[in-house]
Amino acid sequence: MRSVNIGIIGLGTVGGGVVHLIQRHHDDYVEHYGIDLQIKRACSRSDGEAQKLGIADIFSTNWQDVTSDESIDIVIELIGGEHPATEIFEDAFAHGKHVVSANKALLGRHVEHLAKLASENGVQIKCEAAAAGGIPVVSTLEHDLAGNEILTIAGIMNGTTNYILSRMAQEGLGFDEVLADAQRLGYAEADPTADVDGFDAASKIAILASIGFRTRVNTDDVYTQGIRNVSATDIEMAREFGYAIKLLAIARNTPQGVDVRVHPTMIPATHQLASVSGAMNAVFVVGDAVGETMFYGAGAGSYPTASAVVGDVMSLADHIAHGKEVIPESEPFGHNLPIRAIEELHTRYYIRLTVEDKLGVLAETTKVLADDGISISHISQTKSEDTDTCTLIYMTHTAKESDMEKARIDLEALDSIRAVSSIIRIEDIEAWTEGAFDN
């Protein structure tokens, strides 16, 4: 057995958690796994965190001191963003070092380039923490479910949005009010764009779809819509119809190609994902042999994410410590499956219109929907607080997304329509298991 030396770049929330975890469990790793992890170098913008962690003697503000150190086996990158993270990966590979990262934004867009470099240099990339924080779904897709054809990966992959939607549902509050409170409590960033507009979840589902379907899915391939337009009214109406509204990241491996999207979604209140509340995450995976599985846990936070990072480190260190060869990164997946355009989606829809309270409006709006190929399964009308308007609620039969978009434009053009206030997709969860074996 030899020591396995680590260099860590980024000593923020997650980085500090990683250092604490390795320090706390060092002797356990030696006793139970025969792995002696040693933090040899640490890098951050300032030495304040290093002082608190007791590693000021190995601290540097220059990340190249970490990537070029000949004694280091594994580089942990935890700074996020594309630059200088890309350069950190590249330099670490050039010096023959494996990289463990939680950088979903970078890997969601550039893993093809980085995986190719890692393969050429005989090293590996590990990214369990990049997809769902502490939930061990990357390893599960890569190893435990490798005997399956993965049919669907879907889930709640952003804790901030799930916290907001959960509180809106529980307390009947509006989006802006809950967001402000979430920012005050630290559940949401001062700039919440990445979370509430769906970009964070899009990066994660791109990574998981690439691994699960063995094809390249880029973050830019993911149709993305956030939760800013979801109202307390929508959530209450969904409840009346037997649904919950969640921001879901969905990837389906269909005969026509990969259907991959992030958007507010109505799912049956009886489904397992509907009961995931607060800032928790859950990933639902369907394999043709295993059927339905679900993985639940914290998708962010210092120690849950650190757990995933150290798990990746231990996976590499087991080989290094015992003189076993670490298999280099595989050649990156190519774009061998097409990406289905969102316009090709077929699903049901919930539509909420704010209209003038006058005779003929119901018939007028219903005709527009019918002319655009949208079949209605339910209509309800409620009075608005504004005395001269009312609210129309439609639930549709299965329709094509492109037809629904045309109907939205045509509805907005009507003089009697004050606003197309909300259109929310109703997910066909039965389609998630299409292709699974009968057990």
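Here, the structure is the one placed above.
Just so it is clear, the structure is predicted and the values come from calculations on it, not from any experiment. (Residues numbered from 1 in each chain as written. Predicted model: local features only at pLDDT ≥ 70, side-chain atom pairs only at ≥ 80, totals over all residues. Heavy atoms only, no water.)

Caption draft 1: Highlighting the pattern of salt bridges. Enumeration over the complete set of coordinates arrives at 28 salt bridges. Of the charged contacts in the structure, one is a salt bridge between Asp318 and Lys324, with a shortest N-O distance of 3.3 Å. Overall, Lys324 belongs to the partly exposed group, its relative accessible area being 42%. Salt bridges sharing partners connect three or more residues here, namely Arg167, Glu171, Asp181 and Arg184. (Salt bridge = Lys/Arg side-chain N within 4 Å of Asp/Glu carboxyl O. Buried < 20%, exposed > 50% of the residue type's maximum accessible area, 1.4 Å probe, protein only.)

Caption draft 2: Quick peek at the nonpolar core. Val137, Ile153, Ile164, Ile205, Leu208 and Val285 are the most contacted members of the largest nonpolar core, which totals 74 residues. In terms of residue count, the dominant contributor to this core is helix H11 (residues 199-213) (nine residues). (Core = buried A, V, L, I, M, F, W, Y, C linked by side-chain atoms within 4.5 Å. Helix = DSSP H or I, 4+ residues; strand = E, 2+ residues; numbered from the N terminus.)

Caption draft 3: Quick peek at the packing of aromatic side chains. Across all of its chains, the model carries three aromatic pairs by this definition. Pairing Phe89 with Phe93 gives two aromatic rings, centres 5.9 Å apart and planes at 80°, and the pair type is edge-to-face. Residue Phe89 and its partner Phe93 are located together in helix H4 (residues 85-94), separated by four residues, close to a single helical turn. For Phe93, a relative accessible area of 1% gives the class buried. Measuring from ring centre to ring centre gives 4.1 Å for Tyr163 and Tyr187, while their planes differ by 15°; the resulting arrangement is stacked. Within this pair, whereas Tyr163 is found in helix H8 (residues 159-171), its partner Tyr187 is found in the loop between helix H9 (175-185) and helix H10 (193-196), the two being separated by 24 residues in sequence. With relative accessibility at 9%, the residue Tyr163 sits in the buried group. (Phe/Tyr/Trp six-rings, centres within 6.5 Å; stacked < 30°, edge-to-face > 60°.)

Caption draft 4: Structural context of the sheet that holds strand S5 (residues 98-101). Strands sit in the order S3-S2-S1-S4-S5-S6 across an open sheet of six strands; the sheet is parallel. The sheet is open, and its two borders are formed by strand S3 (59-60) and strand S6 (125-126), each paired with just one other strand. In the sheet, strand S4 (residues 74-77) pairs with S5 via four bridges, with the strands oriented parallel. For Glu77, the partnering residue across the bridge sits in S5 and is Ser101. (Pairing = 2+ DSSP bridges.)

Caption draft 5: Geometry of the packing of helix H14 (residues 361-371) against helix H15 (residues 401-412). Contact pair H14 / H15: the axes reach a minimum separation of 9 Å and the direction vectors enclose 150°. Handedness of the H14/H15 crossing: right-handed. Contacts between H14 and H15 involve Thr365, Val368 and Leu369 from the first element and Met404, Ala407, Asp410 and Leu411 from the second. Looking at the contact of H14 with H15 residue by residue, the class counts come to five nonpolar, one polar and one charged. (Axes fitted to C-alpha atoms, helices over the stretch in contact; angles between N-to-C directions. Left-handed = near helix turned anticlockwise from the far one by under 90°. Contact = heavy atoms within 4.5 Å. Nonpolar A, V, L, I, M, F, W, Y, C, P; charged D, E, K, R; others polar.)

Caption draft 6: Region of interest: unusual backbone geometry. Residue Pro84 is reached from His83 by a cis peptide bond, and omega for that bond is 10°. With respect to the helices and strands, Pro84 occurs in the loop between S4 and H4.

Caption draft 7: Inspection of the pairing of strand S11 (residues 280-287) at higher detail. The element S11 is extensively covered by neighbouring structure, given that seven of its eight residues are classed as buried. Where strand S7 (residues 150-156) and S11 come together, six bridges link them in antiparallel fashion. Note on S11: the bridge partner recorded for Ile156 is Ala282.

Caption draft 8: The pairing of strand S17 (residues 417-426), seen in detail. Two strands pair when backbone bridges link them, and strand S10 (residues 257-268) and S17 are joined in this way by two bridges, in the parallel orientation. Bridge assignment links Thr265 to a residue of S17, and that residue is Arg425. Pairing geometry for strand S13 (residues 346-356) and S17, over eight bridges, is antiparallel. Across the sheet, the residue bridging to Tyr350 is Ile424, located in S17.

Caption draft 9: Up close: the packing of H4 against helix H5 (residues 104-120). Two numbers describe how H4 lies on H5: the axes approach to 10 Å, and their chain directions differ by 15°. Relative to H5, the element H4 lies roughly parallel. Crossing handedness for the pair H4 and H5: right-handed. Residues Ala85, Thr86, Phe89, Glu90 and Phe93 of H4 touch H5, and the partners they reach there are Leu106, Leu107, His113, Leu114, Leu117 and Ala118. Tallied by class, residues from the contact of H4 with H5 come to eight nonpolar, two polar and one charged. (Parallel < 35°, antiparallel > 145°, perpendicular 65-115°, else oblique.)

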